[in-house]
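# Breakdown of the fold
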Amino acid sequence: DTGIDLKNEELKKQLWQNIGESGIDSQGRDKSTNGVDDDQNGYVDDIYGWNFFDNTNQLQDNHGHGTHIAGIIYNELKKLKIESYFRFQILKYYDSDRPAKGLIQASNRSLEYALNNNSQLINYSGGGYEPNKDEEKWIKKLQEKNIPLVAALGNQNLNTDLNPFFPASYHLDNIFAIGAAQKNQQAAHFSNYGKIL
C-alpha cells in the first residue's frame, strides 16, 4: 500500500521482477532503467511493480506501513522455511506525505495490475467503510482466476456486520478477512470483528 524500503536487504532480495523489464535491450541498455515500456503493458520500467499514487516506478516507502506488513509476511514465511517460493510485487497506492485524492482509483489500478501481471496472492492491509463498484469488479475478476485476497478487517473495534469494512466485507469467496491479534493470538482490543461468512 505505501511501498517498501528498498534499502532493506532481506526484503529487497524477495522482490518480484518483471521479466519484460529485465535484461538488456537492443541498444545494450538495462531494460529496468532505460525509460522505455519494454513489455508494452502501459508502465515504464516497472521492474518491481508500480507506484499508482504518483504514476511512477518509484516504490520507496515514506510511511513505513507497507514495509512493516511485508516484514511480517516475510518473517512468517521464513519460520516455515518457504520464503524462497515467494516474491513481493510492490503496488503502491498511498503516500502519507500528501492528500489521498484519487486513492480508490489508484488502489483499483493496483488490483488491475496484479491481475494482469500474474499475481498469485494479494495482501490488502487497508480499506474503508464505503463500497466501490470498480473495486468489487476487480476482486471478482481475481476470484475468477482463483486468486485469493487477504484483506484487513479494520482497527476501529467495530462490528463489521453492522459497519462493513471494504474490501474485507465484499461477499466474495476469494476474500480472507483478517483482524488484528495480540501476542497470545487473542483478538486485539482495537480490531474490528464480525461473524465468519
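Residues numbered from 1 in each chain as written. Predicted model: local features only at pLDDT ≥ 70, side-chain atom pairs only at ≥ 80, totals over all residues. Heavy atoms only, no water.

### Focus: the nonpolar core
Buried together is how nonpolar side chains tend to be arranged in soluble globular proteins. Counting 25 residues, the largest nonpolar core has Phe52, Leu111, Tyr113, Ile139, Leu142, Leu149 and Ile175 as its most contacted members. If one sorts the elements of this core by residue count, helix H3 (residues 103-116) sits on top with 5 residues. Ignoring anything within four residues of it in the chain, the contact list for phenylalanine 52 reads Tyr43, Leu91, Lys92, Ala106, Arg109, Ser110 and Tyr113. With 8 residues, the next largest nonpolar core counts Leu59, Ala70, Tyr74 and Phe88 among its residues. (Core = buried A, V, L, I, M, F, W, Y, C linked by side-chain atoms within 4.5 Å. Buried < 20%, exposed > 50% of the residue type's maximum accessible area, 1.4 Å probe, protein only. Helix = DSSP H or I, 4+ residues; strand = E, 2+ residues; numbered from the N terminus. Contact = heavy atoms within 4.5 Å.)

### Section: the packing of H3 against helix H4 (residues 133-144)
Taken N-terminus to C-terminus, the directions of H3 and H4 make an angle of 15°; their axes are 9 Å apart at the nearest point. With respect to their mutual orientation, H3 and H4 come out roughly parallel. Where H3 crosses over H4, the handedness of that crossing is left-handed. Every residue of H4 that contacts H3 at Ile104, Ser107, Asn108, Leu111, Glu112 and Leu115 is listed here: Asp134, Glu135, Trp138, Ile139, Lys141 and Leu142. Considered class by class, the residues forming the contact of H3 with H4 number 6 nonpolar, 2 polar and 4 charged. (Axes fitted to C-alpha atoms, helices over the stretch in contact; angles between N-to-C directions. Parallel < 35°, antiparallel > 145°, perpendicular 65-115°, else oblique. Left-handed = near helix turned anticlockwise from the far one by under 90°. Nonpolar A, V, L, I, M, F, W, Y, C, P; charged D, E, K, R; others polar.)

### Topic: the side chain of serine 32
Structurally, serine 32 can be placed in the loop between helix H1 (9-12) and strand S1 (49-51). In terms of polar contacts, serine 32 uses its side chain to reach the side chain of aspartate 30, at 2.8 Å. If we ignore the near neighbours within four places in the chain, the residues touching serine 32 are Glu21, Asp45, Ile47 and Asn57. (Polar contact = N/O pair within 3.5 Å; in protein donor to acceptor, adjacent residues only side chain to side chain.)

### Some thoughts on unusual backbone geometry
That bond from phenylalanine 166 to proline 167 is cis: its omega, 15°, falls within 30 degrees of zero. If you trace the backbone, proline 167 turns up in the loop between strand S4 (149-152) and strand S5 (175-178). Even without being a glycine, asparagine 146 presents a positive backbone phi close to 60°. As for its position among the elements, asparagine 146 is in the loop between H4 and S4.

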